[in-house]
Amino acid sequence: MQIISKRANLDTIKAYVPGKPVEEVERELGVKVEAKLASNENTLGPSPLAVRAIIESADHVNLYPDGSCHYLRNALASKIGVDPGQLMVTNGADEALSLIARTYINPGEETVMPDPSFPQYEFATRVMDGKPQVVPLRKDFSYDLDAMLSAVNEHTRIFYLCSPNNPTGTILTKPELEKALDQLPGNVLVVLDEAYYEYVTEPDYFNALDYIRSGYPVIALRTFSKIYGLAGLRVGYAIADEMIIKDLNSVREPFNVNRVAQVAAAAALEDDQHVTRSLETVERGKELLFGELKSLGFYCYPTQTNFIFVDFRQPTDQLFQELLRKGIIIRPGGIYGYPEHARVTIGTDMENKKFLEKLKEIVSAKV
Ligand SMILES: Cc1ncc(COP(=O)(O)O)c(C=O)c1O
């Protein structure tokens, strides 16, 4: 076949490395997976209300979904207190990141982002032939806002902030966000990724909606993949000024969120009990894992999420493989540039115990 030349920038794009799927581990290693703690999903599963809505919607999948997500957008709008016109529902927050890049980045224009953080900011920028300016977090994984603001120039279009940050679990503080908003030029869009927003327990945490209402050029991103337990259905949403949402809608596919996902998300939104149970499970698990990992000599960074970034003080690629063979999947830190760290999702009580049990077996075999 004749070689078809592709766009030159594609060689600069690194493919996303997802957490290893359960099916793949079971197929390749012939082990039964006891805990998948690699992708920060809700380990309690989906809300029973969402499951019922999914079953009921099955009879109607011959029909295209409502491209505007009318009912889900209205339900979300009244839940969080914004106008439905300030919302766009997407095929996961991932799609929102692509649509934002497609809407705002011309070839050669720049974006600024923290590192380590969610790799899709760099991906979305590069797909559009933009130039990512990657600014390291401080040693304790707090934001180095001065360094990020210094990376802004006349070519900058987007300033990405992830809070709580993936993979570190740390947050941006209210004074830091306000400093960024006050010092950024007015034509730079702030994309505030809040995929783990519902897990935050810090009492002084900011409310992104206040800044959107005050007219700052902010897009907040949230998702049904984490606390709402619907990662497999792919539903996220963007909150911003109506003009921004209008522009984002102009590059959206007509039926980007499927019918089943829309009704499941609307049902999950109603299930406060499931959200509360999920938060309680995470808080319990956090306490157990912090205590036990510390007593094994490992360091856990403080987290405001359903996962912990752990400094294992040894190459985690090997530890990851050993845990895999024992049916536990975690996320080694090498892909984030931290080969001695790993990100561990806080599981159910049983999953956390299994993880600790297998980890202790590995550690004691080395002594
Ligand atoms: C910080 C962050 N943003 C966005 C996403 C993507 O979420 P979604 O599953 O809604 O595409 C993730 C998923 O892990 C994430 O960690």
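Structure: above.
Reference entry: report on the structure contained in this document. Just so it is clear, the structure is predicted and the values come from calculations on it, not from any experiment.

Scoring rules and cut-offs
- Residues numbered from 1 in each chain as written.
- Predicted model: local features only at pLDDT ≥ 70, side-chain atom pairs only at ≥ 80, totals over all residues.
- Heavy atoms only, no water.
- Helix = DSSP H or I, 4+ residues; strand = E, 2+ residues; numbered from the N terminus.
- Rg over C-alpha atoms; globule rule 2.2 N^0.38 Å.
- Buried < 20%, exposed > 50% of the residue type's maximum accessible area, 1.4 Å probe, protein only.
- Contact = heavy atoms within 4.5 Å.
- Areas by Shrake-Rupley, 256 points an atom, 1.4 Å probe, with all protein chains shown as cover.
- Salt bridge = Lys/Arg side-chain N within 4 Å of Asp/Glu carboxyl O.
- Pairing = 2+ DSSP bridges.

## Side note on the overall build of the chain
For step 1, the next point in the chain: Each helix and strand counted, the chain has 13 helices and 13 strands in total.
For step 2, the next point in the chain: Relative to the globule expectation of 21 Å for 367 residues, the C-alpha radius of gyration of the chain, 21 Å, shows essentially globular dimensions.
For step 3, the next point in the chain: Taking the principal axes of the C-alpha coordinates as reference, the chain spans close to 60 × 60 × 50 Å.
For step 4, the next point in the chain: Looking at the chain as a whole, 52% of its 367 residues are labelled buried.
For step 5, the next point in the chain: For the chain, contacts bridging at least 24 residues in sequence account for 73% of all contacts bridging at least 6.
For step 6, the next point in the chain: In the form shown here, the chain has an accessible surface area of approximately 16,800 Å², with 52% of it arising from carbon and sulfur atoms.

## Describing the pattern of salt bridges
Two side chains of opposite charge can pair, provided their charged atoms sit close to one another.
For step 1, the next point in the chain: Under the defined criterion, the tally for this structure stands at 18 salt bridges.
For step 2, the next point in the chain: Of the charged contacts in the structure, one is a salt bridge between D11 and K6, with a shortest N-O distance of 3.0 Å. Here D11 and K6 have matching classes, each one exposed.
For step 3, the next point in the chain: K286 is the partner of E283 in a salt bridge, and the nearest nitrogen-oxygen pair spans 3.2 Å. Remark: K286 and E283 occur in helix α11 (residues 272–295); sequence separation between them is 3 residues, near one turn of the helix.

## Digging into the sheet that holds strand β10 (residues 307–311)
For step 1, the next point in the chain: Taken in spatial order, the 4 strands line up as β9-β10-β13-β12 in an open sheet, and their pairing is antiparallel. Unpaired on one side and paired on the other, β9 (299–300) and β12 (331–332) mark the two borders of the sheet.
For step 2, the next point in the chain: Two elements, β10 and strand β13 (residues 341–345), share 5 bridges in a ladder whose sense is antiparallel. Paired with I308 across the strands is V344, a residue of β13.

Note that all results are geometric; they support no functional claim without further evidence.
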